[in-house]
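Structure assessment
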There are 2 protein chains.
Amino acid sequence: MAEKFKHISESHLKGYIKNVLLTVGLPENDSDIVAGLMSDADMIGSDAHGVFRLPQYVKRLIAGGINKIPNIVIEKEKNSMAVINGDNGMGHLVMERAANIAVKKAKENGVAWVGANSSNHAGPASLYARIPLKNDMIGIYVAVGSSNHVPPWGGKDMLLSTNPIAITVPSNERPPIILDMATTVAAYGKVKEKLQRKEEMPVGWMIDKQGMPLTDPSKSNEGFLLPIGEAKGYGLALMFGILAGTLNGAAFGKAVVDFNADATSFTNTGHFIIAIDIAAFIDVSLFKNNIDEVWSQMKGSALLPGFDEIRLPGERSHKIYQDRKVNGVPIHSNLKNALDNISNELNIQKIF
Amino acid sequence: MAEKFKHISESHLKGYIKNVLLTVGLPENDSDIVAGLMSDADMIGSDAHGVFRLPQYVKRLIAGGINKIPNIVIEKEKNSMAVINGDNGMGHLVMERAANIAVKKAKENGVAWVGANSSNHAGPASLYARIPLKNDMIGIYVAVGSSNHVPPWGGKDMLLSTNPIAITVPSNERPPIILDMATTVAAYGKVKEKLQRKEEMPVGWMIDKQGMPLTDPSKSNEGFLLPIGEAKGYGLALMFGILAGTLNGAAFGKAVVDFNADATSFTNTGHFIIAIDIAAFIDVSLFKNNIDEVWSQMKGSALLPGFDEIRLPGERSHKIYQDRKVNGVPIHSNLKNALDNISNELNIQKIF
């Protein structure tokens, strides 16, 4: 059997992505920011949201579906909020800007909520919620997903996306607690990953139009993703869509463009980020020690039959990050082929 | 078969609750506020969070577990946030105050986040998220539940509660969209309701310590509630507990007192509310029309086999409210017996 994965270093990965973006026409500084965030996504184990997405980004950048040189501006602003117009730029640039504005406003006012419209797919939710974290803040990020794969509960018209949420909480000696989850049982990126790897999906991820389990990822367009907790996950996806989309004047419901199938239409993607300055609420050291204590309580729970440990949200990701710092990021042979197509098209050096 | 339910009017219900609270020793104005919110809970169909809870409140008020005359104060404050110390008063008083502060701060600053510690059980989550709604704002409310019924995923130590969330969104001609959900498949109030009505629970609500389904509500203390989406619901319950508890200096994890079993210990219950002033983000009429459009899109979806309609969050509650305005609130015979015990103890008129 052929070796399916090859490992490359973070800096090598970032360098390759940056070179692609520069060649396509992004400015130097923007290429650097996006390549950094995309390689961060791979480093923290969000394999379906890092370099994996580069082929589609490149297709949209070349076809004009994403603006290479956007004029990202603040459209609305008060002490504790802003709405950013991303001018159809890369979502990474829009949300990095939004997160930094949220941090600044939270430092002054305690809490800040910054929404964005006219943005694009920005990678994994936790990337942006991690920015407040670096400032002793709690971060919350929510996005309207970049294509609809979920009907309202009981229906079969795909009007909702996986609309994910990330929440980050700093700790003292323990790793930070970082929740990053779709409101569906599986994120759609996981389905794409199964397809690329030619693996079956577990029962419970998707159903078909008769409501029966769908496990072949090549037939994913014949069915829907299932929300967590049935009607509850539908309710969360709906509300997150309204908060990240409708409230910001961004797309939601039928207006959402399938970013995976379409290289040219304006997606008007919406997201929001909240930064919460812990110091405004409670002594920061006390809070972080209390989070260490929460961590210890959870880890210390007796186990149900069939489980060998309790995990905290973000723990797996933290271990992957430490592993990849040493051993590099695994690139699947099918992903390598997709990246080689880009390199050939742009006439630049291959990733390896 | 005996008639199990009798219907009484909203004003009659509120009058009875107010009389009980006054007799126990709450001030006139506080009794009026709490009785109003509790009867509101019954009117919107939160049957497990309205008058149903009165016996336990009375027990705690008499035993000193809840402070009858609290000095509720703002402990921390910046432009867009506050932390309220509830002085161990009724949770309804604390969160009504918190919601009004959030609305005022959001009007000035765009968005406001108000947390509370030293509070108590306050009824259904949506009660407080509905206060911003009346001001053309979006409301978000989260609480640490009043007893732990959920282990971390894979464990069997009950360290988490059902930690619910409510999100309210105003519309134009349609009813507002109001999500009010526990992060567990079933809220614990639903289990208590099944017990009082001597009904079995469906499979999927609870498991026992071997991980097997538990359906007898009289054995609920031998098992746990299941989180929605397995580890995802655990992650949400954990994060909501940190945001509503730890961040406010309120109880979370092992520190949570089982309010149902204990009539005297200080619970230090935590909650928070967010008010989002829609006008800061987008034209309010446009937004409300867009929410009507979201409503129509969801309702218009083709149906999966086995479903006869799509429901929006809050739609069922809205219909119950309209029905109860006309027909009154149904009081189960077992609940009537529990309330009669209070009436006898306090030597006041029975509910009917």
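Residues numbered from 1 in each chain as written. Chains lettered and ligands numbered in written order. Predicted model: local features only at pLDDT ≥ 70, side-chain atom pairs only at ≥ 80, totals over all residues.

A count of helical and extended segments in chain A gives 11 helices and 12 strands. The C-alpha radius of gyration of chain A comes to 20 Å, within 12% of the 20 Å expected for a compact globule of 352 residues. For chain A, the spread of C-alpha atoms along the principal axes amounts to about 55 × 55 × 45 Å. Expressed as a percentage of contacts within chain A between residues at least 6 apart in sequence, the contacts between residues at least 24 apart total 65%. (Helix = DSSP H or I, 4+ residues; strand = E, 2+ residues; numbered from the N terminus. Rg over C-alpha atoms; globule rule 2.2 N^0.38 Å. Contact = placed C-beta atoms within 7 Å.)

Another point: the sheet that holds strand 8 (residues 206-208) of chain A. Residue and element names in this part refer to chain A. Strand order in the open sheet formed by 3 strands is 9-8-10, and the pairing between neighbours is antiparallel. Sheet topology places strand 9 (213-214) and strand 10 (223-225) at the edges, where each strand pairs with a single neighbour. Across 3 bridges, strand 8 lies against strand 10 in antiparallel orientation. Considered in strand 10, the bridge of I207 is made with F224. (Pairing = 2+ DSSP bridges.)

Residues and elements named next belong to chain B. Residue N88 is not a glycine yet carries a positive backbone phi of 60°. Positive phi values are uncommon outside glycine, yet K198 reaches one of about 55°. Accessibility expressed as a C-beta count within 10 Å gives 9 for K198, which makes it exposed. (Buried ≥ 20, exposed ≤ 12 C-beta atoms within 10 Å, placed from the backbone.)

Before going further, it helps to spend a moment on the interface of chain A and chain B. Contact residues are listed per partner, giving 61 residues for chain A and 61 residues for chain B. Broken down by secondary-structure element, the contributors of at least two residues to the side of chain A that touches chain B are strand 2 (73-78), strand 3 (81-85), strand 4 (111-119), strand 6 (165-169), strand 7 (177-181), helix 7 (231-244), helix 8 (278-281) and helix 9 (284-299) of chain A. Of the residues in the side of chain A that touches chain B, the class split is 35 nonpolar, 20 polar and 6 charged. (Nonpolar A, V, L, I, M, F, W, Y, C, P; charged D, E, K, R; others polar.)

Moving on, we come to the nonpolar core. One finds A:A102, A:V114, A:I273, B:A102, B:V114 and B:I273 to be the most contacted residues of the largest nonpolar core, which totals 238 residues. Two domains each provide a minimum of three residues to this core, namely domain 1 (5-184 + 227-283 + 318-346) and domain 2 (193-225) of chain B. The residues contacting B:A102, other than those within four sequence positions of it, are B:A112, B:V114, B:P132, B:I273, B:I274 and B:A275. (Core = buried A, V, L, I, M, F, W, Y, C linked by C-beta atoms within 7 Å. Domains from an automatic or database assignment.)

This paragraph deals with the packing of helix 1 (residues 10-24) of chain A against helix 3 (residues 54-63) of chain A. Residue and element names in this part refer to chain A. Between helix 1 and helix 3, whose axes approach to 10 Å, the crossing angle comes to 15°. The orientation of helix 1 relative to helix 3 falls into the category roughly parallel. The two elements helix 1 and helix 3 cross, and the hand of that crossing is right-handed. Facing I17, V20 and V24 of helix 1, the residues of helix 3 in contact are L54, V58, L61 and I62. (Axes fitted to C-alpha atoms, helices over the stretch in contact; angles between N-to-C directions. Parallel < 35°, antiparallel > 145°, perpendicular 65-115°, else oblique. Left-handed = near helix turned anticlockwise from the far one by under 90°.)

Let us now look at the pairing of strand 2 of chain A. Each regular strand shows side chains that alternate between the opposite faces of the sheet. All names here are of chain A. Sheet topology note: the strand 2/strand 3 ladder contains 5 bridges and is antiparallel. Among the inter-strand pairings, E77 is bridged to a residue of strand 3, identified as A82. Between strand 2 and the antiparallel strand that follows it, strand 3, lie 2 residues.

A few words now on helix 4 (residues 91-109) of chain B. All names here are of chain B. Its 19 residues place the ends of helix 4 26 Å apart at the C-alpha level, agreeing with the 27 Å of an ideal helix rising 1.5 Å per residue. Burial analysis of helix 4 places 15 of its 19 residues in the buried class, the great majority of the element. At the exit of helix 4 stands G110, carrying a positive phi of roughly 105°. (Expected span 1.5 Å × (residues − 1).)

Let us look at the sheet that holds strand 11 (residues 269-277) of chain B. Taking strand neighbours across the sheet as the criterion, the 7 strands line up as 2-3-4-11-5-6-7 (chain B) in an open arrangement whose pairing is mixed. Unpaired on one side and paired on the other, strand 2 (73-78) and strand 7 (177-181) of chain B mark the two borders of the sheet. Neighbour-to-neighbour, the strand axes of this sheet turn through a mean angle of 10°, independent of strand direction. As paired elements, strand 5 (residues 137-143) of chain B and strand 6 (residues 165-169) of chain B share 4 bridges and run antiparallel to each other. Paired with B:V142 across the two strands is B:I165, which belongs to strand 6 of chain B. Contacts between helix 7 of chain A and the sheet are confined to strand 6 and strand 7 of chain B, with strand 7 of chain B contributing the most and set at about 135° to the helix.

Let's shift gears to the relation of the copies chain A and chain B. Each copy of the sequence occupies a distinct position, and chain A is placed on chain B by a rotation of 180° and an axial shift of 0.0 Å, giving an RMSD of 0.0 Å. Taken together, these values place the two copies in the relation of a two-fold axis. Of the interface residues in chain A, 100% have counterparts in chain B that sit at the interface too, so the contact is made through matching surfaces. (Least-squares fit on C-alpha atoms with pLDDT ≥ 70 in both.)

What follows is about the packing of helix 3 (residues 54-63) of chain B against helix 11 (residues 333-346) of chain B. All names here are of chain B. Across the interface, helix 3 lies against helix 11 with an axial gap of 9 Å and an inter-helix angle of 30°. Relative to helix 11, helix 3 is oriented roughly parallel. Seen along the crossing, helix 3 lies across helix 11 with a hand that is left-handed. Here helix 3 contributes L54, P55 and V58 to the contact with helix 11, which in turn contributes A338, L339 and I342. For the contact of helix 3 with helix 11, the residue count by class is 6 nonpolar, no polar and no charged.

Before going further, it helps to spend a moment on the environment of A:S147. Residues and elements named next belong to chain A. Structurally, the position occupied by S147 is in the loop between strand 5 (137-143) and strand 6. In this structure S147 comes out as partly exposed when scored by C-beta crowding, with 17 C-beta atoms within 10 Å. C-alpha separation for the pair S147 and I348, spaced 201 residues apart in sequence, amounts to 30 Å. Among residues more than four places away in sequence, those in contact with S147 are S161, Y188, V256, D258, F259 and N260.

That is the geometry; function is a separate question.
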